[in-house]
Amino acid sequence: MKSINGIQFADMVKMGAHHLFQNADYVDALNVFPVPDGDTGTNMNLSMTSGAKETAANTGEHIGKTAQALSKGLLMGARGNSGVILSQLFRGFGKSIEQNATLDAKQFAQALHYGVETAYKAVMKPVEGTILTVAKDSAKKAVEVSGTVEDIRELMTAIVEEAKQSLNRTPDLLPVLKEVGVVDSGGQGLVFVYEGFLASLKGEELPEKTVSSSMDDLVNAEHHKSVQGFMDTADIEFGFCTEFMVRFEEGKKAFDETAFRNDLSAYGDSLLVISDDEIAKIHIHSETPGEVLSYGQQYGDLIKIKIENMRQQHTEIVEAGYSNEMPTKKAEKHPYAVVTVAMGSGVSQLLKSLGASAVIEGGQTMNPSTEDIVKAIEAVGAERVLILPNNKNIIMAAEQAAEVLGIEAAVVPTKTIPQGMAAILAFNAQVTVEENQKNMTAAFAHVKTGQITFAVRDTSIDGVEIKKDDFMSIAEGKIILSNPSRVEAATNLAKALIDEEAEIVTVIYGEDVTEQEAKEFATYIKEQFEDIEVELYNGKQPLYPYILSVE
């Protein structure tokens, strides 16, 4: 096979996207930090799926036009840093071949090279030992091999082999990977995409992993059944849709699906359990998701967790349905808007009270795509906008959204909710977008952020020994200690963050923390540190019992 056209390339994309989809949970499990929100696989899967859908809808013989469709779909569907980098790889790829009707081996290799150059330019501070390295090494091998090889199948074989070797070298380039004992998750995702490309060229079938896909179908069916009976939000008996996966471990409780199912049924309804020899995937509606997760951890590592508040979702759907029935008028144009991202209804209300025009639901476990951000901003109807991601993994998608909006837009690169709060307070509607971006960025630089979450596996990072189920204290993005007591983890975090210059401490407590516990924690801070003002908010955020802001 000396050349490929648009139809053949579209099939490669389809196979690459499907293979990544089949292995998204595995990629999620490679998250370096043992927090319950590793989502690289999810982000790359959703990004690539968006690209594949756009490609399928615009497939033709001309490979340049097909590649442009892939680029457009990836751009709008990109989620998280890994998804944005993937979109940039194929943006450069597509740009370099937009005039080509077909591609030979040399042209294909050169297009991969252009893709790498584009991706590196898109990242402000490229880090080696990541998806960028795997893409760069495999593209370099492609250019080298294309000098002597004409068969694209042979070329793709060399690309895949080098991508795998490069992936295995990532721990040597990024010490934290070696410390934890994993390869880079984004690089692994790219390998799965390239393996799909190769399988398509060879006409081979890749092994199916049916646990995830069949569970998704069952969950959708279960939700369809559930909503039929809910005439009112108050009718929802079990309010939290809880999904997670357990990777079985030797030495842990032996898994018996029947017994497992019977035990879990006591925690709620709409229970689904699907398992194979290595993992079990669970879906349940429960009032006590924390207890459900604790039960699951008896059998092994929790790979992926998603908890959604169905009462909040139902209320929003009902309100949206009502508003859709009312006469609508064209959205009024506003001179300025501040659009931000957060998880938890309480956090959203807090940000709006400070001046946010709109809050996009998303964060650690659910990164909004470029298109999600664009649509949220368009709904506000602003002429100028400042975008606050509040998460380092959303910044690149926000920057892509700013590029495609067609209005004055800038990203204030907030990485946490406390940074976002400080930035919003510094907003001034009387100055330019550029001035606001500068002032808001300077404002959050003086804020320190602390977080408490739980560990999903045993590990050691930066000299801190972490045990599964322990609560981790994270100060300014670094895990500083691990403790089986949530209260002790929180008090120790406060001690680490509060210094002589601190004046205000804001405590945002999550959905698993009682008001009494939160008040006692706030009282502890007041008593322990003189002249400190403490503000307490119920953020209702999942997975992170406490978020601390110290100014």
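Fair warning: this is a prediction, and the values are worked out from it, not measured in the lab.

1. Some words on the overall build of the protein
Inference 1: Scanning the protein from N- to C-terminus turns up 21 helices and 18 strands.
Inference 2: When each of the 551 residues of the protein is scored for burial, the buried share is 55%.
Inference 3: Residue pairs at least 24 apart in sequence account for 72% of intrachain contacts in the protein once pairs closer than 6 positions are excluded.
Inference 4: In the form shown here, the protein has an accessible surface area of approximately 24500 Å², with 49% of it arising from carbon and sulfur atoms.

2. Thoughts on the pairing of strand S18 (residues 546-550)
Inference 1: Of all five residues that make up S18, five are buried, and the element is covered over most of its length.
Inference 2: Both faces of S18 are covered, namely the face carrying Tyr-546, Leu-548 and Val-550 and the face carrying Ile-547 and Ser-549.
Inference 3: The sheet contact formed by strand S11 (residues 448-454) and S18 spans five bridges and is antiparallel. By the bridge assignment, Gln-451 is partnered in S18 with Ile-547.
Inference 4: The sheet contact formed by strand S16 (residues 504-509) and S18 spans five bridges and is antiparallel.

3. Some points on the sheet that holds strand S4 (residues 268-275)
Inference 1: In spatial order, the strands read S4-S5-S3-S6; together these four strands make up an open sheet with antiparallel pairing. On the outer flanks of this sheet lie S4 and strand S6 (300-309), each paired with one strand and no other. The average undirected angle you get between the axes of adjacent strands in this sheet is 10°.
Inference 2: Taken together, the six bridges between S4 and strand S5 (residues 279-286) define a ladder with antiparallel strand orientation. Within S5, the position partnered with Gly-268 by the bridge is Ser-286.
Inference 3: Of the strands in this sheet, strand S3 (240-248), S5 and S6 are in contact with helix H13 (residues 289-296), which crosses S3 at around 10°.

4. Quick notes on the environment of Ser-185
Inference 1: Looking at where Ser-185 falls in the secondary structure, it is placed in helix H10 (residues 185-202).
Inference 2: With 161 residues separating them along the chain, Ser-185 and Ala-24 place their C-alpha atoms 9.9 Å apart.
Inference 3: Beyond its immediate chain neighbours, meaning those up to four positions away, Ser-185 contacts Val-27, Leu-30 and Thr-40.

5. A look at the nonpolar core
Inference 1: Residues Phe-93, Phe-108 and Tyr-194 are the most contacted members of the largest nonpolar core, which totals 90 residues.
Inference 2: Here Phe-108 is in contact with Ile-4, Met-12, Phe-93, Leu-103, Leu-155, Met-156 and Ile-159, once residues within four sequence places are set aside.

6. What about the packing of helix H18 (residues 417-425) against helix H19 (residues 433-444)?
Inference 1: Two elements in contact, H18 and H19, have axes separated by 8 Å at closest approach and are oriented at 135°. Our classification of the angle between H18 and H19 gives oblique. When you trace H18 past H19, the crossing you get is right-handed. Touching Gln-419, Ala-422, Ala-423 and Ile-424 of H18 are Met-440, Ala-443 and Phe-444, all from H19.
Inference 2: Split into classes, the residues belonging to the contact of H18 with H19 amount to six nonpolar, one polar and no charged.

7. Observations concerning empty space enclosed by the protein
Inference 1: Inspection of the entire model under this criterion finds two cavities of 30 Å³ or more.
Inference 2: Every residue lining the second largest cavity is listed: Leu-89, Phe-90, Phe-93, Leu-112, Gly-115, Val-116 and Tyr-194.
Inference 3: The set of elements that each furnish at least two residues to the lining of the second largest cavity consists of helix H5 (80-96) and helix H6 (105-122).
Inference 4: Among the residues forming the lining of the second largest cavity, the class breakdown is six nonpolar, one polar and no charged.

8. Remarks on helix H3 (residues 40-57)
Inference 1: For H3, with 18 residues, the first-to-last C-alpha span of 26 Å sits near the 26 Å given by 1.5 Å per residue.
Inference 2: Buried residues of H3: Thr-40, Gly-41, Asn-43, Met-44, Asn-45, Ser-47, Met-48, Ser-50, Gly-51, Ala-52 and Thr-55, and no others.
Inference 3: Buried residues along H3 sit in contact with helix H1 (6-22), helix H2 (24-28), helix H4 (63-77), H5, helix H7 (131-145) and H10.

9. A short note on the sheet that holds S18
Inference 1: Read from one edge to the other, the open sheet built from six strands follows the order S15-S14-S11-S18-S16-S17, with strand pairing classed as mixed. Edge positions in the sheet fall to strand S15 (478-483) and strand S17 (533-538), since each of these pairs with one other strand and no more. Across the sheet, the mean angle from the axis of one strand to that of its neighbour is 15°, orientation sign disregarded.
Inference 2: Each of S16, S17 and S18 is contacted by helix H21 (residues 515-528), which is oriented at about 165° to S17, the strand it contacts most.

10. A word on the confidence of the model for the protein
Inference 1: With 88% of its residues at a pLDDT of 70 or more, the protein has an overall mean of 87.
Inference 2: For the stretch residues 210-214, pLDDT sits under 50, and the model shows ten contacts to residues farther than four places along the chain or on other chains.
Inference 3: Note on residues 320-332: pLDDT under 50 across the span, and four contacts to partners over four residues away in sequence or across chains.

Conventions used here
- Residues numbered from 1 in each chain as written.
- Predicted model: local features only at pLDDT ≥ 70, side-chain atom pairs only at ≥ 80, totals over all residues.
- Heavy atoms only, no water.
- Helix = DSSP H or I, 4+ residues; strand = E, 2+ residues; numbered from the N terminus.
- Buried < 20%, exposed > 50% of the residue type's maximum accessible area, 1.4 Å probe, protein only.
- Contact = heavy atoms within 4.5 Å.
- Areas by Shrake-Rupley, 256 points an atom, 1.4 Å probe, with all protein chains shown as cover.
- Pairing = 2+ DSSP bridges.
- Axes fitted to C-alpha atoms, helices over the stretch in contact; angles between N-to-C directions.
- Core = buried A, V, L, I, M, F, W, Y, C linked by side-chain atoms within 4.5 Å.
- Parallel < 35°, antiparallel > 145°, perpendicular 65-115°, else oblique.
- Left-handed = near helix turned anticlockwise from the far one by under 90°.
- Nonpolar A, V, L, I, M, F, W, Y, C, P; charged D, E, K, R; others polar.
- 1 Å grid on protein atoms, 1.4 Å probe; cavity = no way out; pocket = protein on both sides within 12 Å on 5 of 7 lines; lining within 4 Å.
- Points joined across faces, edges and corners; volume = space filled by probe spheres on them.
- Expected span 1.5 Å × (residues − 1).
- pLDDT = per-residue confidence, 0-100.

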